[in-house]
Amino acid sequence: MPEPAGGPVAELLWRAVSAGDEYAATAAVLAALDAGADPESLLLESVAPVQARVGREWAANRMTVAQEHAATAINDRVVAAVAHHPASRGRPDRGRITVACVNGEWHALPARLLAEVLRLRGWRVDFLGAQVPAPHLIAHLHLTGPDAVALSSSIPTRLPTAHATITACQAAGTPVLAGGAAFGPDGRYARLLGADAWAADARSAAARLAEGPLAGGRAAPVRHPADRLPHLADQEYTHVTRDAPRLVRDTLAGLEARIPAMRGYTDAQRRHTAEDIAHIVDFLATALYTGDPRLFTGFLTWTGGILTARGVPAATLRPALDRLAGMLGDFPRALATLDEARRALDTAFPPAPAAPETTGPRPPRGRRPGS
């Protein structure tokens with residue numbers, strides 16, 4: 001009797017991926033397929049859990065960014081090996097689906113897994129990969145006329161772009177199924193931004209598409225973002241986004257004045273710190289766009305955990321939040337969001353006894369929540 005695709009296969013795959021051994025990784029899944037393993041189960045119960053483990057290992061500081069990238073690249077090759085195996089070949093008889101990542105979203109593996117699951121279930125799939133600009137996506141929709149677009153995003157700061165893309169697809173007459181960590185664990189942001197449907201994972205996405213046409217469809221009415229997000233009328237998102245370079249620059253200058261050790265930073269350290277502050281500003285702006293402070297507080301507490309795993313106190317985030325609050329005094333929603341984030345940090349990482357500040361904020365580089 002064939003061995004299940006998960007369990008031992010996943011462990012073999014993990015060992016190969018963590019060692020950077022592409023050949024051993026592909027050999028493990030091909031052997032499982034030759035033994036009769038189900039391709040879909042292999043993808044979702046071996047490859048996907050291994051990729052999730054890669055993310056956890058990075059978060060725990062047991063894997064470098066370079067190792068994480070190498071592991072992800074190997075997993076992508078493994079998915080291709082599964083897709084090309086005779087056990088995965090079939091004839092498309094359901095319809096046509098376009099699978100694409102939002103522009104600026106470089107985490108393509110979740111979308112790739114969905115594309116392969118849909119192919120296995122009889123759909124003709126156009127997989128467009130990572131970072132697809134909306135104009136190119138719309139041109140593809142006009143050219144191919146798919147039944148739906150499956151739009152993927154893992155990074156919450158891509159939500160404003162996702163909103164514009166969803167609206168553009170619907171205006172072109174194609175309904176949108178949204179998925180990925182950026183849309184929230186319960187799909188709250190997919191609903192907020194007007195997606196026709198949301199799915200938590202590849203199997204539920206495939207099941208939803210099999211049920212029949214998504215809501216909306218041809219000639220869907222074009223809606224202005226303010227129709228769904230009336231809080232945007234206060235212009236706070238617009239101002240924070242427009243002033244982001246100044247906010248980053250002035251926050252960095254304020255931190256250097258407050259934390260003497262930062263004055264000795266090298267150019268590379270200052271550049272990296274500015275990039276980290278820019279991520280904080282981006283997440284704040286996105287929380288203002290969605291009207292949901294939880295998006296920002298979730299990012300800050302996640303970041304605090306990442307810093308703690310690297311031996312950096314989460315308290316190093318507070319001076320940046322204080323500086324931003326001082327510059328955004330005329331924006332009540334931004335101030336309330338920053339206050340809530342500070343309270344969340346204090347709850348998750350209680351402040352230590354007062355001591356001289358010697359380091360600046362160093363949120364992690366290279367990944368964001370749910371990636």
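Summary of the structure given here.

Criteria and thresholds
- Residues numbered from 1 in each chain as written.
- Predicted model: local features only at pLDDT ≥ 70, side-chain atom pairs only at ≥ 80, totals over all residues.
- Heavy atoms only, no water.
- Axes fitted to C-alpha atoms, helices over the stretch in contact; angles between N-to-C directions.
- Helix = DSSP H or I, 4+ residues; strand = E, 2+ residues; numbered from the N terminus.
- Parallel < 35°, antiparallel > 145°, perpendicular 65-115°, else oblique.
- Left-handed = near helix turned anticlockwise from the far one by under 90°.
- Contact = heavy atoms within 4.5 Å.
- Nonpolar A, V, L, I, M, F, W, Y, C, P; charged D, E, K, R; others polar.
- Phe/Tyr/Trp six-rings, centres within 6.5 Å; stacked < 30°, edge-to-face > 60°.
- Buried < 20%, exposed > 50% of the residue type's maximum accessible area, 1.4 Å probe, protein only.
- Lys NZ or Arg CZ within 6 Å of the ring centre and 35° of its normal.
- Core = buried A, V, L, I, M, F, W, Y, C linked by side-chain atoms within 4.5 Å.
- Pairing = 2+ DSSP bridges.

A few words now on the packing of helix H12 (residues 244-258) against helix H15 (residues 318-327). For the pair H12 and H15, the least separation of the axes is 9 Å and the interaxial angle reads 125°. The angle between the axes of H12 and H15 places the two elements in the oblique class. For the element pair H12 and H15, the recorded crossing hand is right-handed. Residues Arg-246, Leu-247, Asp-250, Thr-251, Gly-254, Leu-255 and Arg-258 of H12 form the contact with H15, whose own contacting residues are Pro-319, Ala-320, Asp-322, Arg-323, Leu-324 and Met-327. Its residues placed into classes, the contact of H12 with H15 shows 6 nonpolar, 2 polar and 5 charged.

According to the stated counting rule, one finds 3 aromatic pairs in the structure shown. Between the aromatic rings of Trp-58 and Trp-302, the centroid separation amounts to 6.2 Å while the plane-to-plane angle is 25°, which identifies the pairing as stacked. With Trp-58 in helix H3 (residues 39-59) and Trp-302 in helix H14 (residues 293-309), the pair connects residues that are 244 residues apart, well separated along the chain. The exposure class of Trp-58 is buried, given its relative accessible area of 3%. The class of Trp-302 is partly exposed, set by a relative accessible area of 23%. Between Tyr-237 and Tyr-289, the aromatic rings sit 4.8 Å apart at their centres with planes inclined by 70°, giving edge-to-face as the arrangement. Within this pair, whereas Tyr-237 is found in helix H11 (residues 236-242), its partner Tyr-289 is found in helix H13 (residues 267-290), the two being separated by 52 residues in sequence. Residue Tyr-237 shares its accessibility class with Tyr-289, and that shared class is buried. Taking NZ or CZ as reference, Arg-188 lies 6.0 Å from the ring centre of Tyr-189, over its face. The ring of Trp-58 has Arg-310 sitting right over it, with the charged end atom 4.7 Å from the ring centre.

Attention shifts here to the nonpolar core. Core analysis: the biggest nonpolar cluster contains 61 residues, and Ile-280, Val-281, Phe-296, Leu-300, Leu-321, Leu-328 and Leu-338 have the highest contact counts within it. Residue contributions to this core peak at 10 residues, all from H13. Aside from chain neighbours lying at most four places away, what touches Leu-328 is Val-240, Leu-247, Leu-284, Ala-334, Leu-335 and Leu-338. Ala-10, Val-29, Leu-33 and Ala-37 belong to the second-largest nonpolar core, a separate cluster that totals 24 residues.

Next up on the list: the sheet that holds strand E3 (residues 148-152). A sheet is described by the order of its strands in space; here 5 strands give the open sequence E2-E1-E3-E4-E5, paired in parallel fashion. Two strands bound the open sheet, and with one partner strand each, they are strand E2 (124-132) and strand E5 (197-198). Sheet topology places strand E1 (residues 96-102) next to E2; 6 bridges connect them, and they run parallel. Bridging from a neighbouring strand, Val-102 pairs with Val-132 of E2. Sitting on the sheet, helix H5 (residues 109-120) is in contact with E1, E2 and E3, with an inclination near 175° to E2.

Keep in mind these numbers describe shape, not what the thing actually does.
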